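Descriptive analysis of the structure
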Amino acid sequence: MQKNELFRRAVMQDLPQVKAVYEDIVRHMLHRGLSIWDEWYPCMVFEEDIRRRRLYLLLDENGIVAAFALSDTNAGADAVGWRHTGRKALYLERLGVCVGRLGQGLGIRMLGKAKETARLSGAGTLRLFVAESNAPAIRLYEKNGFTKAAGVYEEAIDGGAVLRETGWETAL
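Residues numbered from 1 in each chain as written. Predicted model: local features only at pLDDT ≥ 70, side-chain atom pairs only at ≥ 80, totals over all residues. Heavy atoms only, no water.

Turning next to the overall build of the protein chain. When helices and strands are counted, the protein chain shows four helices and eight strands. Reading the helices (α) and strands (β) of the protein chain from amino to carboxyl end gives β-α-α-β-β-β-α-β-α-β-β-β. What you see for the protein chain is a C-alpha radius of gyration of 15 Å, in line with the 16 Å of a compact globule of 172 residues. In terms of principal-axis extent, the alpha carbons of the protein chain reach across some 40 × 40 × 30 Å. The buried share among the 172 residues of the protein chain stands at 48%. Put simply, of all contacts in the protein chain between residues at least 6 apart along the chain, 70% involve residues at least 24 apart. Of the side chains in the protein chain, 24 bear a positive and 22 a negative charge, and the two mean positions are spaced by 7 Å. (Helix = DSSP H or I, 4+ residues; strand = E, 2+ residues; numbered from the N terminus. Rg over C-alpha atoms; globule rule 2.2 N^0.38 Å. Buried < 20%, exposed > 50% of the residue type's maximum accessible area, 1.4 Å probe, protein only. Contact = heavy atoms within 4.5 Å. Lys, Arg positive; Asp, Glu negative; His and termini not counted. Charge placed at Lys NZ, Arg CZ, Asp CG, Glu CD.)

And the structure:
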């Protein structure tokens, strides 16, 4: 962790700033042609993430700079063939980095924090799903020791569209 940074679980008072950070991320993604998140998701689930104590934040003197959620379940878990079975798995979800801080290594640091947090929670595997079209995220996961699971999870979204996601995992 860098000087003047704090990593902690989110509390309900963080909700407005979390939503503002992710609204900026969504605008940035849409501007780059990545229509994965929208005005509803992921912002609509942050209150539940905080209530369930699964949303984690990285803050500096200016506020929230990155966040992620860790969950013990995922709707796509049975759709792909995981290599690391027989161990407790946690799922990394909604990893986001403040647009003004992109390219500064925060994604890598947050993956490290996610691995450490999952390990301390008794998990032997950290898993995630990423949209096939999200090349920047896929590169990040590959460079940080995640391997692709066999198969694809197809998630129905609004308007009859289907989001194709691949599963990725790393042993802890």
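And the narrative resumes.
For the rest of this paragraph, the subject is the nonpolar core. Judged by nonpolar contacts, the single largest core of 25 residues is most densely connected at F68, L70, L92, L126 and Y141. Tallying contributions element by element places helix α3 (residues 106-120) first for this core, with five residues. Each residue touching F68, except ones within four places of it in the same chain, is listed here: F7, Y22, R54, L55, Y56, L92, E93, R94, L95, M110, K113 and A114. Formed by 22 residues, the second largest nonpolar core is a distinct cluster that contains V18, V26, I64 and A67. (Core = buried A, V, L, I, M, F, W, Y, C linked by side-chain atoms within 4.5 Å.)

Our next topic: the layout of surface pockets. The computed volume of the second largest pocket comes to approximately 170 Å³. Lining the second largest pocket are R9, R52, R53, R54, Y56, L70, S71, D72, K88, L90, T117 and S121. For the lining of the second largest pocket, the per-class residue count stands at three nonpolar, three polar and six charged. (1 Å grid on protein atoms, 1.4 Å probe; cavity = no way out; pocket = protein on both sides within 12 Å on 5 of 7 lines; lining within 4 Å. Points joined across faces, edges and corners; volume = space filled by probe spheres on them. Nonpolar A, V, L, I, M, F, W, Y, C, P; charged D, E, K, R; others polar.)

Each aromatic ring pair is summarised here by two numbers: the centre-to-centre distance and the angle between the ring planes. Using the criterion set out here, one finds 10 aromatic pairs in the structure. On the basis of an interplanar angle of 65° and a centroid distance of 6.3 Å, the ring pair of W82 and Y91 is categorised as edge-to-face. Consider the rings of W82 and F129, whose centres lie 5.6 Å apart with planes at 75°: the pair is edge-to-face. Here W82 is found in the loop between β3 (63-71) and β4 (89-97), whereas its partner F129 is found in strand β5 (residues 125-131), with 47 residues between them in sequence. A relative accessible area of 12% places W82 in the buried class. Of the residues examined, F129 reaches a relative accessible area of 13% and is grouped as buried. Put simply, the rings of Y22, W37, Y41 and F46 touch in pairs and so form one group of aromatic residues. (Phe/Tyr/Trp six-rings, centres within 6.5 Å; stacked < 30°, edge-to-face > 60°.)

On to the pattern of salt bridges. Going through the model one piece at a time under the given rule, you end up with 15 salt bridges. Among the salt bridges present, the one from R54 reaches D49, with a minimum N-O distance of 2.6 Å. For D49, a relative accessible area of 0% corresponds to the buried category. For R94, the salt bridge goes to D49, with nearest N and O atoms at 2.8 Å. Taken as a pair, R94 in strand β4 and D49 in helix α2 (residues 46-51) lie far apart in primary sequence, 45 residues in all. Residue R94 is classed as buried on the basis of its relative accessible area of 9%. Counted as one network, the salt bridges with shared partners bring together E5, D60, R101 and R109. (Salt bridge = Lys/Arg side-chain N within 4 Å of Asp/Glu carboxyl O.)

The next thing to look at is the pairing of β5. It is a general feature of regular strands that their side chains alternate between the two faces of the sheet. With respect to burial, β5 is a largely interior element, seven of its seven residues being buried. Burial along β5 is two-sided: the face carrying T125, R127, F129 and A131 and the face carrying L126, L128 and V130 are both buried. Across four bridges, the pairing between β4 and β5 is parallel. Along β5, the bridge assignment pairs A89 with T125. Handedness of the crossover joining β4 and β5 through α3 is recorded here as right-handed. (Pairing = 2+ DSSP bridges. Right-handed = clockwise from strand over helix to strand, strands pointing away.)

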